[in-house]
Amino acid sequence: MPRIHAELLEHGVHVGGKRIARLMRIAGLCGVSRRRWINTTRRQPGARPAPDLVQRHFVADAPNRLWVADATYVPTAEGFLYLAVVLDVFSRRIVGWAMSNHLYTELMLRALDMALVQRRPDGVIHHSDQGCQYTSIAFGRRCREAGVRPSMGTVGDCFDNAMCESFFATLECELLARSHFETHAQARRELFAFIEGWYNISRRHSAISYCSPIRYETMHRKEMLAASELPTAGRRRGRDRRPADRPWTTRTTAQPGGHQPGRNSTA
């Protein structure tokens, strides 16, 4: 209901939230629920996980400061198709993703490489679970080469990667629960359209003032640009107004007895 309310307001339709909820009840409209959850995380015995640099504090004050990553499965008539994603915490934008019929490390590396090519970060934190793909030597080597700081939550605790789990919940509720895919090719097309054509561009997220990820990043860039230009513009305007023979401020020196030149003086 809040997203419908925000969409109507943007189109100039001013209506209360309670009325929208009432009309939805009359029309029999309600949110979809999640499917049965299946664990796709496989921890490698003896692996040395990276430290948890996030501690469930999923907050970033700018893009490319903190990424979260995970993978899920997509059922099709041809078997499971696996989807790995990298999500920017600042804007909730999916900055990297890859699909395959396997869950090998190569899938996660492709998602990470896509994010690196698109965003070119500097010292970003990459947070994930302790799946064997993320604790592998190949993934750790790629992070070191790219200057990425790996971070991992504890084992068997979905709250340590809650933001990525939230994206998968949206994917399941708003696409997978409503669709049936016959082939991997069909699933790939639908997932591409969901991520690039709807989730990043159109979907309103409650955590970012009911904006879409791309719109939120655009607003942030405009604000940063305006903030960087304000001091220079202010100094330029002040310099133009200032007379050439006068300083910024004129100070008067107080005389004994509180008398100041130019005040109550007959001289």
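The structure reproduced in this document is the subject of the present report. (Residues numbered from 1 in each chain as written. Predicted model: local features only at pLDDT ≥ 70, side-chain atom pairs only at ≥ 80, totals over all residues. Heavy atoms only, no water.)

### Quick word on the pairing of strand S5 (residues 149-152)
Inference 1: Note that strand S4 (residues 125-128) and S5 share four bridges and pair parallel. When the bridges of S5 are listed, Ser128 appears paired with Met152.
Inference 2: Crossover connection from S4 via helix H4 (residues 137-146) to parallel S5: handedness right-handed. (Pairing = 2+ DSSP bridges. Helix = DSSP H or I, 4+ residues; strand = E, 2+ residues; numbered from the N terminus. Right-handed = clockwise from strand over helix to strand, strands pointing away.)

### Concerning the side chain of Asn161
Inference 1: Its location among the elements puts Asn161 in the loop between S5 and helix H5 (162-174).
Inference 2: Discounting residues that sit within four places of it in the chain, Asn161 has contacts with Phe58, Val68, Ala69, Asp70, His127, Ser128 and Asp129. (Contact = heavy atoms within 4.5 Å.)

### Focus on unusual backbone geometry
Inference 1: In this structure, Arg56 is a non-glycine residue whose phi angle is positive, near 60°.
Inference 2: Position of Arg56 relative to the elements: it lies in the loop between helix H2 (17-27) and strand S1 (66-74).

### A closer look at the pattern of salt bridges
Inference 1: This model, assessed by the stated rule, comprises nine salt bridges.
Inference 2: For the salt bridge of Asp160 with Arg56, the shortest nitrogen-to-oxygen distance reads 2.7 Å. Within this pair, whereas Asp160 is found in the loop between S5 and H5, its partner Arg56 is found in the loop between H2 and S1, the two being separated by 104 residues in sequence.
Inference 3: For Asp160, a relative accessible area of 6% translates into the label buried.
Inference 4: Taking the relative accessible area as the measure of exposure, Arg56 reaches 44% and is therefore partly exposed.
Inference 5: Between Glu106 and Arg110 there is a salt bridge, with the nearest N and O atoms lying 3.5 Å from each other. You can see Glu106 and its partner Arg110 sitting in helix H3 (residues 105-119), four residues apart, about one turn around the helix.
Inference 6: According to the relative accessible area criterion, Glu106 is partly exposed, its value standing at 37%.
Inference 7: Residue classification places Arg110 among the partly exposed positions, given a relative accessible area of 34%.
Inference 8: Among the ionic contacts, a cluster of salt bridges with common partners joins Asp88, Arg93, Arg119 and Glu217. (Salt bridge = Lys/Arg side-chain N within 4 Å of Asp/Glu carboxyl O. Buried < 20%, exposed > 50% of the residue type's maximum accessible area, 1.4 Å probe, protein only.)

### Thoughts on H5
Inference 1: Taking 1.5 Å of rise per residue, the 13 residues of H5 would be expected to cover 18 Å, and the 18 Å separating its terminal C-alpha atoms lies within 8% of that figure.
Inference 2: For H5, every residue scored as buried is listed here: Met163, Cys164, Phe167, Phe168, Ala169, Thr170, Leu171, Glu172 and Cys173.
Inference 3: In the core, the buried residues of H5 are packed alongside S1, strand S2 (81-88), strand S3 (93-100) and helix H6 (184-199). (Expected span 1.5 Å × (residues − 1).)

### Describing the packing of aromatic side chains
Inference 1: If you walk through the whole model with that rule in mind, you get nine aromatic pairs.
Inference 2: Look at Phe90 and Tyr216: their rings are 5.2 Å apart centre to centre, the planes differ by 45°, and that puts the pair in the tilted class. Here Tyr216 lies in helix H7 (residues 213-241) and Phe90 lies in the loop between S2 and S3, a separation of 126 residues in the sequence.
Inference 3: The buried category is assigned to Phe90, whose relative accessible area is 8%.
Inference 4: Seen in terms of ring centroids, Phe194 and Trp198 are 5.3 Å apart; in terms of plane orientation they differ by 45°. Their pairing is tilted. Linking Phe194 with Trp198, this pair stays in helix H6, spanning four residues, or about one helical turn.
Inference 5: By the ring-pair criterion, three or more aromatic residues cluster together here, those being Phe167, Phe168, Phe194, Trp198 and Tyr199. (Phe/Tyr/Trp six-rings, centres within 6.5 Å; stacked < 30°, edge-to-face > 60°.)

### Side note on the sheet that holds S4
Inference 1: Taken in spatial order, the five strands line up as S3-S2-S1-S4-S5 in an open sheet, and their pairing is mixed. Each edge of the sheet is formed by a strand with only one pairing partner; in this case those strands are S3 and S5. Between one strand and the next, the sheet's axes are offset by a mean angle of 25°, whatever the strand orientation.
Inference 2: Where S2 and S3 come together, seven bridges link them in antiparallel fashion. Residue pairing for S3: Val85 is matched across the bridge by Trp97.
Inference 3: Its contacts with the sheet place H5 against S1, S2 and S3, and it is angled at close to 40° to S1.
Inference 4: Taken strand by strand, H6 contacts S1, S2 and S3, and its axis lies near 175° from that of S3. (Axes fitted to C-alpha atoms, helices over the stretch in contact; angles between N-to-C directions.)

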